[in-house]
Amino acid sequence: MATEGLHENETLASLKSEAESLKGKLEEERAKLHDVELHQVAERVEALGQFVMKTRRTLKGHGNKVLCMDWCKDKRRIVSSSQDGKVIVWDSFTTNKEHAVTMPCTWVMACAYAPSGCAIACGGLDNKCSVYPLTFEKNENMAAKKKSVAMHTNYLSACSFTNSDMQILTASGDGTCALWDVESGQLLQSFHGHGADVLCLDLAPSETGNTFVSGGCDKKAMVWDMRSGQCVQSFETHDSDINSVRSCRLYDLRADREVAIYSKESIIFGASSVDFSLSGRLLFAGYNDYTINVWDVLKGSRVSILFGHENRVSTLRVSPDGTAFCSGSWDHTLRIWA
Amino acid sequence: MERMIVSMQDPDMGIKMRNQRLLITVIPHAMTGNDIVEWLIQKYGISEEESLHLGNLIVKHGYIYPLKDPRSLVLRADESPYRFQTPYFWTSTKWPATELDYGRCHRATGTDTGCHPFAATLSATASLAAIYLAKKNIRKQGDLIEHEKDNYNLLHKRINHTWDFVVMQAREQLRAAKQRRKGDRIVIDCQEQAYWLVNRPPPGAPNVLEQGPERRNCHTTRVQLTKNMDYYKREIEYCRKAMARTRVKSSICLEGYIKFNEQYVPHDPIMSGCLPSNPWITDDTTYWAMNAPTVTIPTKLRVERWGFNFSELINDPLGRTQLLEFLKKEFSAENLSFWEACEELRYGEQSRISEIVDSIYQQFLAPGATRWVNIDSKTMERTLEGIKTPHRYVMDDAQMHIYMLMKKVGEGGAGQRRAGQDPDVSAGPGLLPTVPQVGPLQEPAGRGHHSPGDQEAVRAGAEPWGPPGVVPAGSDPVLPAGSSPSCASSGIPAPARPCCCPRAMPRRGAGALPPPPCPRRRAESPPALRERPDPAHSPAAGPCRQ
């Protein structure tokens, strides 16, 4: 009825204004406890000296752009995936390839190593996440043992095992994240709330191990409770897709706000991936201008810029014991830096 | 990038352009490669290497083009002349056709002779490309480069119907060009050349315009978030919850973060190096062998880390065995087993949930169970109720309770020792100092500076990573930065070097445990360092190891 429609519009409008005023109040609340900036607190910390990091290993073998990589807990093996559908497991210390499998799709944008070291997971334009057990048989046929675990309605952008080989967390271009049981392929929990493609995720190292953060094309970083599927916190200060931002931002979860921005006028290309060194003092970021910038997290300044890749850096991760980090690039190679 | 380009062309602050010589021709409004590099260095305060790299990217993207060697989009930091590309040719200038993918259209219709629905718009770029190649073809009298020849033929097939127009245009443009001065002709040729190199890269050359699979942001419609009543209701609920959450003052959070840094920096191989050496740098894997998950003798650094917070201890396989040993002595080993079983439940297979819950109940929770764990009645009640409908998280409360219990016990033992209190009063033999350790042979040659730091209570007080910790009674004496531990000149009674036991070396940063006992050091141990006699001069302590 016309009158009902009118009533609904009024309620919609009033709801909208209520939501907006609450958002404003929330910002005020957040701002109340912001009594100091990071660089002020960090004044007493000594500045870092010159850093010299070099490429210690170059892994060649992918026939096309390297899109993703992950370390094994043994601190030397890595898995990497590329645009041509190939997923390779390397002993990066010796640069030998130990396993290789060809996915039935191109643009394998996500790959992960299982905590036990006995399996890998990967996915991309096939909208799925598949798990492959790793064996050491002579004529291993990895493709035969493939297990399809996750099913999304759009490309898979990131995946990660939780504390065990039996659960996988995925992020997708369909705007959702999901937690899956590997054995049965069952969906255990889904996480809705991003307004656009979700591009990356990371699990919290907290003692309770119950949360993870995801970043998306809607410029938001959202923190989720794995048990309930609810978003418990979100940060929205980035000015573009959280996968090609020109500035890296640091958010403090307890203070519930952004606490630092890492950017430089001369950096005009976006950063595609970041990782902290073991102590959290250094932030390594790989950029689309083929370089890796090393930031002093506390002082907010850039410590070093690393050249070497011949195309954009698409993925970057520090090794589990912090001795080195690995970067993968569209120039078909991976480099280990230390 | 375009903002940068605009500022480069700023009449006052931009690059100074002059007439440049190209062999005998004079080209106006040009600059040298050197000019570009210098300007970038000045403007952004970057190094020459970075400036050259950045400049090269600008050229690769077609915003500046070379006049001397137009086939190669490379910036040379010398006297080679360059010019700014006209905005008409900028990659961001969206011509209606450039958004259409050449190949995609081809696949869509599967035909060779033009694509019907897209014919009108596609032919815009196709015609331009065709005209460009036709001109070249005429000028070079058919002697085109391989891939240009292929493209030319392909275009010929596709827009066959307008080919006469293409050739006519090409001829017309060539004739008009002849009227121009040589300088202008060169500039126009280079401009065009650069544009096509960027937009139709030769095979093998990287395509700087490639972006990867399409990503939609919230301005496109793939993920529908209709802003209806439900949406706003959810927003309101989220805001309400968020308002109610406890926040912590920035100063406290940031201090906590800094403390964490300071505590972990000595353990960060990239910051502080690692002993004997970083395997990646020296190809020597001893470091990994020494730090393998299960090793008979853990390194000093590793043991120190267990003291940072409980999760470090329990998550390290060796630490966990130590914890188990300790708990056994306290007759509370079932707690760890319970915790481990709960972890298995939380991260285990979906199909085994009921089975695991049942097993946990039988072993740990049932009245009269062999390994009954001591949980408070409320939690027990809740848990038993929850078991009726078993799910992955049904043991969470109980698990947390037991975890906290172990944490208190585990840290209590070690914590009291750190505070330097009389060990006889402590809860037990304490966890950590009884572990014989391997230490590094000398101070690692760290990279960059460490902050000798204020030796405050830099300990597990670093929230949220650690428990509200026990503050060591009095700080350890601060070593003057850079001094070797054996330095006695400052008058600070450092544990002397003469003992070759590596454990004699004080550690900076962490609220260090008192160095484990070394029988040889007894005589040298300066009384000023400790408030009471060195607790662990028992011969039962592990032998001195290198």
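No experiment lies behind these values; they were computed from the predicted model shown.

Calculation criteria
Residues numbered from 1 in each chain as written. Chains lettered and ligands numbered in written order. Predicted model: local features only at pLDDT ≥ 70, side-chain atom pairs only at ≥ 80, totals over all residues. Heavy atoms only, no water. UniProt positions renumbered as here; feature names shortened; annotations may be inferred. Helix = DSSP H or I, 4+ residues; strand = E, 2+ residues; numbered from the N terminus. Pairing = 2+ DSSP bridges. Axes fitted to C-alpha atoms, helices over the stretch in contact; angles between N-to-C directions. Left-handed = near helix turned anticlockwise from the far one by under 90°. Contact = heavy atoms within 4.5 Å. Nonpolar A, V, L, I, M, F, W, Y, C, P; charged D, E, K, R; others polar. Polar contact = N/O pair within 3.5 Å; in protein donor to acceptor, adjacent residues only side chain to side chain. Expected span 1.5 Å × (residues − 1). Buried < 20%, exposed > 50% of the residue type's maximum accessible area, 1.4 Å probe, protein only. Domains from an automatic or database assignment. Buried area = accessible area lost by both parts, 1.4 Å probe. Salt bridge = Lys/Arg side-chain N within 4 Å of Asp/Glu carboxyl O.

K.L.:
I tried to follow the UniProt feature "domain: DEP" (unreviewed entry) in chain B on my own but got confused; where do I start?
P.N.:
As recorded in UniProt, the sites labelled "domain: DEP" (unreviewed entry) are residues 11-86 of chain B. Taken as a whole, residues 11-86 of chain B contains 33% helix and 26% strand, while its terminal C-alpha atoms sit 16 Å from one another.

K.L.:
Is there a simple way to think about the sheet that holds strand β9 (residues 147-151) of chain A in this case?
P.N.:
The strands that make up a sheet are held in pairs by hydrogen bonds between backbone atoms, and each pair lies either parallel or antiparallel. All names here are of chain A. Pairing in this open sheet of 4 strands is antiparallel, and the strands run β6-β7-β8-β9 from one edge to the other. This sheet does not close on itself; its edge strands, each paired only once, are β6 (110-113) and β9. The mean angle between the axes of side-by-side strands here comes to 20 degrees, regardless of whether they run parallel or antiparallel. Strand direction decides the pairing type here: β6 and strand β7 (residues 119-123), joined by 4 bridges, are antiparallel. Across the sheet, the residue bridging to Cys111 is Cys122, located in β7.

K.L.:
Which parts of the structure should I look at to understand the packing of helix α18 (residues 353-365) of chain B against helix α19 (residues 377-387) of chain B?
P.N.:
In helix packing, the relevant descriptors are the interaxial angle and the interaxial distance, both defined with respect to the helix axes. Residue and element names in this part refer to chain B. Between α18 and α19, whose axes approach to 11 Å, the crossing angle comes to 145 degrees. α19 is crossed by α18, and the crossing has left-handed handedness. For the pair α18 and α19, the contacting residues are Val357, Tyr361 and Leu365 in the first and Met380, Thr383, Leu384 and Ile387 in the second. Residue composition of the contact of α18 with α19, grouped by class: 6 nonpolar, 1 polar and no charged.

K.L.:
Can you help me understand the side chain of Thr323 of chain A in this one?
P.N.:
Assignment of secondary structure puts Thr323 of chain A in the loop between β24 (313-318) and β25 (325-329). A distance of 3.2 Å separates the side chain of Thr323 of chain A from the side chain of Trp280 of chain B, its partner in a polar contact. Once residues lying within four places of it in the same chain are set aside, the contact partners of Thr323 of chain A are Ala338 of chain A together with Pro269, Ile270, Cys274, Asn278, Pro279, Trp280, Tyr287 and Trp288 of chain B.

K.L.:
Can you walk me through helix α3 (residues 48-60) of chain B in this structure?
P.N.:
With 13 residues, α3 of chain B should reach 18 Å at 1.5 Å per residue; the first-to-last C-alpha distance of 18 Å fits that figure. Listed in full, the buried residues belonging to α3 of chain B are Glu50, Ser51, His53, Leu54, Gly55, Asn56, Leu57, Ile58 and Val59 of chain B. Along its buried surface, α3 of chain B packs onto β23 (302-306) of chain A together with α1 (2-8), α2 (33-44) and β3 (64-66) of chain B. Residue Gly62 of chain B follows α3 of chain B closely and has a positive phi angle near 85 degrees.

K.L.:
Would you mind showing me how to read the UniProt feature "repeat: WD" (unreviewed entry) in chain A here?
P.N.:
Following the UniProt record, one finds the feature "repeat: WD" (unreviewed entry) at residues 59-91, 149-190, 191-234, 273-305 and 306-338 of chain A. A distance of 14 Å separates the end C-alpha atoms of residues 149-190 of chain A, which is 0% helix and 57% strand.

K.L.:
I tried to follow the domain arrangement of chain B on my own but got confused; where do I start?
P.N.:
A common way to express how large an interface is: the accessible area buried when the components associate. What the domain assignment reports for chain B is domain 1 (1-89), domain 2 (120-199) and domain 3 (277-414). Taking only C-alpha atoms, the centre of domain 1 of chain B and the centre of domain 3 of chain B are 62 Å apart.

K.L.:
Got a minute to help me understand the interface of chain A and chain B in this structure?
P.N.:
Opposite the 118 residues of chain A that make contact, chain B presents 98 residues. Regarding the contact of chain A and chain B, the summed buried area is about 9,300 Å², with carbon and sulfur atoms giving 60% of it. Between chain A and chain B we count 9 salt bridges in total. Residues Arg227 of chain A and Asp396 of chain B are paired through a salt bridge, measuring 2.7 Å at the closest nitrogen-oxygen approach. The interface formed by chain A and chain B contains 31 residue pairs in polar contact (both at pLDDT 80 or more). Counting residues per element, the ones that place at least two in the side of chain A that touches chain B are α1 (2-32), α2 (38-41), β1 (55-60), β12 (177-181), β17 (231-235), β19 (257-262), β21 (282-287) and β23 of chain A. Among the elements that take part in the side of chain A that touches chain B, α1 of chain A stands out by supplying 13 residues, more than any other. Partitioning the side of chain A that touches chain B into residue classes produces 50 nonpolar, 32 polar and 36 charged.

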